[in-house]
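# Structural description and commentary
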Amino acid sequence: MPAIVGIAQVNAIGTSSVFNIGDVYKIMPIASVKTFAGAGSFNTGDVLEVHNNYSSTNTFDQDVADQSILFNN
């Protein structure tokens, strides 16, 4: 349905974000990310007791591309 839109102010848009005003058939944001984190990085909960005496994160990756996002239209 068509609509009349007034002023729209956009302060920031993230890397894989979509900003749309008006009719649209399909919106498909695509992003790929690789995350490296050490021991105990993604723990969630109310009461945590994590003991990491020695933690080392190996960030060496010999692959050129892990997951291709080409041709995902």
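Residues take numbers from 1 onward in each chain, read along the sequence in its written order. Where totals are concerned, whole chains, interfaces and linings use all residues; where local detail is concerned, this predicted model gives features only for residues with pLDDT of at least 70, and gives and counts side-chain atom pairs only at 80 or more. The side-chain quantities take in all heavy atoms of the structure and omit both hydrogens and water.

Moving on, we come to the overall build of the protein. Along its length, the protein carries zero helices and zero strands. Atoms counted for the radius of gyration: C-alpha only. Globule rule: 2.2 Å times residue count to the power 0.38. In terms of overall size, the protein is more extended than a compact globule, its C-alpha atoms giving a radius of gyration of 21 Å where 73 residues would be expected to give roughly 11 Å. On the principal axes, the C-alpha backbone points of the protein span a range of 60 × 35 × 20 Å. Partly exposed residues are those whose accessible area sits between 20% and 50% of the maximum for their type, while under 20% is buried and over 50% is exposed, using a 1.4 Å probe and protein chains only. Per-residue burial over the protein gives 0% buried out of 73 residues. Should any heavy atoms of two residues lie within 4.5 Å, those residues are counted as being in contact. Restricting to contacts in the protein with at least 6 residues of sequence separation, those with at least 24 account for 29%. Here, Shrake-Rupley sampling with a 1.4 Å probe gives the accessible areas, and only protein chains in the shown set may cover a residue. Carbon and sulfur atoms form 51% of the exposed surface of the protein, whose accessible area is close to 7400 Å². Helix and strand definitions follow DSSP, with helices as H or I runs of at least four residues and strands as E runs of at least two, each counted in order from the N terminus.

In this section: a nonpolar patch on the surface. Judged by side-chain polarity, V5, V10, I13, F19 and I21 come together as a nonpolar surface patch covering roughly 440 Å² of accessible area. Its relative accessible area of 48% is what places F19 among the partly exposed residues. Only residues whose relative accessible area exceeds 30% and that form no salt bridge enter a patch; like-charged residues are grouped when within 9 Å of one another, and nonpolar side chains (Val, Leu, Ile, Met, Phe, Trp, Tyr) when within 5 Å. Any carboxyl oxygen of Asp or Glu that lies within 4 Å of a side-chain nitrogen of Lys or Arg is treated as forming a salt bridge with it.

All quantities given are derived from atomic positions and should not be read as evidence of function.
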